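Structural characterization, general
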Amino acid sequence: TDFPLFPQWRGISMDTARHFLPVGAILHTLSSMSSNKLNVLHWHLTDSTSFPLQLVSVPELAKYGAFSPENQYTQSDVKKIIGAANNLSIEI
């Protein structure tokens, strides 16, 4: 039978708070994870020194917290990534 020796460790950690990745690269990573039977993505999206997530309720966080205006995720980006992960049975 095919099963992992340590089922709680079948995933990867992605730190986009410090190292921004385009949405397409994250979606590609999710696809690769699914192909390799990895089902957990620990997504480090924000940090005390970086907040690249645009929030409608608090727009200043991304404005002053992201490293650059180009390197920010919108709420729709996050929904798209989470939706793709759910379709691939990957937990974020």
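Structural notes, computed from the coordinates.

Rules used in this analysis
- Residues numbered from 1 in each chain as written.
- Predicted model: local features only at pLDDT ≥ 70, side-chain atom pairs only at ≥ 80, totals over all residues.
- Heavy atoms only, no water.
- Helix = DSSP H or I, 4+ residues; strand = E, 2+ residues; numbered from the N terminus.
- Contact = heavy atoms within 4.5 Å.
- Areas by Shrake-Rupley, 256 points an atom, 1.4 Å probe, with all protein chains shown as cover.
- Lys, Arg positive; Asp, Glu negative; His and termini not counted.
- Charge placed at Lys NZ, Arg CZ, Asp CG, Glu CD.
- Expected span 1.5 Å × (residues − 1).
- Buried < 20%, exposed > 50% of the residue type's maximum accessible area, 1.4 Å probe, protein only.
- Arc of directions from axis to C-beta.
- Core = buried A, V, L, I, M, F, W, Y, C linked by side-chain atoms within 4.5 Å.

Turning our attention to the overall build of the protein. Per the secondary structure count, the protein includes three helices and two strands. Sequence-ordered secondary structure for the protein, helices as α and strands as β, is β-α-β-α-α. Dimensions along the principal axes, computed over C-alpha positions, put the protein at roughly 50 × 25 × 20 Å. Across the protein, contacts joining residues at least 24 apart in sequence account for 61% of those joining residues at least 6 apart. By element, 58% of the accessible surface of the protein is carried by carbon and sulfur atoms, the whole surface being about 6,100 Å². In the protein, 6 side chains carry a positive charge and 7 a negative one; their mean positions are 5 Å apart.

Here we take up helix 3 (residues 75-87). Between its first and last C-alpha atoms helix 3 spans 18 Å; for 13 residues at 1.5 Å apiece the expected length is 18 Å, and the two agree. Every buried residue of helix 3 is accounted for by Asp77, Val78, Ile81 and Ala85. For helix 3, the arc enclosing every buried residue in end-on projection is 95 degrees, short of the 170-degree limit, so these residues lie on one face. Across from the buried face of helix 3, at angles greater than 90 degrees, the exposed residues are Lys79, Lys80, Asn86 and Asn87. Contacts made by the buried residues of helix 3 are with helix 1 (23-35) and strand 2 (40-44). The first or second residue beyond helix 3 is serine 89, which carries a positive phi of 60 degrees.

Here we take up the nonpolar core. Counting 15 residues, the largest nonpolar core has Leu30, Leu41, Trp43 and Tyr73 as the members making the most contacts within it. Among the secondary structure elements, those contributing two or more residues to this core are helix 1, strand 2 and helix 3. Top contributing element to this core by residue count: helix 1, with four residues. Excluding residues within four positions of it along the chain, tyrosine 73 makes contact with Thr16, Phe20, Leu21, Val23, Ile26, Leu45, Pro52, Leu53, Gln54 and Val78.

Between its first and last C-alpha atoms helix 1 spans 19 Å; for 13 residues at 1.5 Å apiece the expected length is 18 Å, and the two agree. When we look at burial in helix 1, the residues that qualify are Val23, Ile26, Leu30 and Met33. Projected onto a plane normal to the axis of helix 1, the buried residues spread over an arc of 80 degrees and lie on a single side. Looking at helix 1, the residues exposed on the side facing more than 90 degrees away from the buried face are His28 and Ser35. Check the buried side of helix 1 and you find it contacts strand 1 (11-15), strand 2 and helix 3. Within two residues after helix 1, lysine 37 carries a phi angle of roughly 60 degrees, on the positive side.

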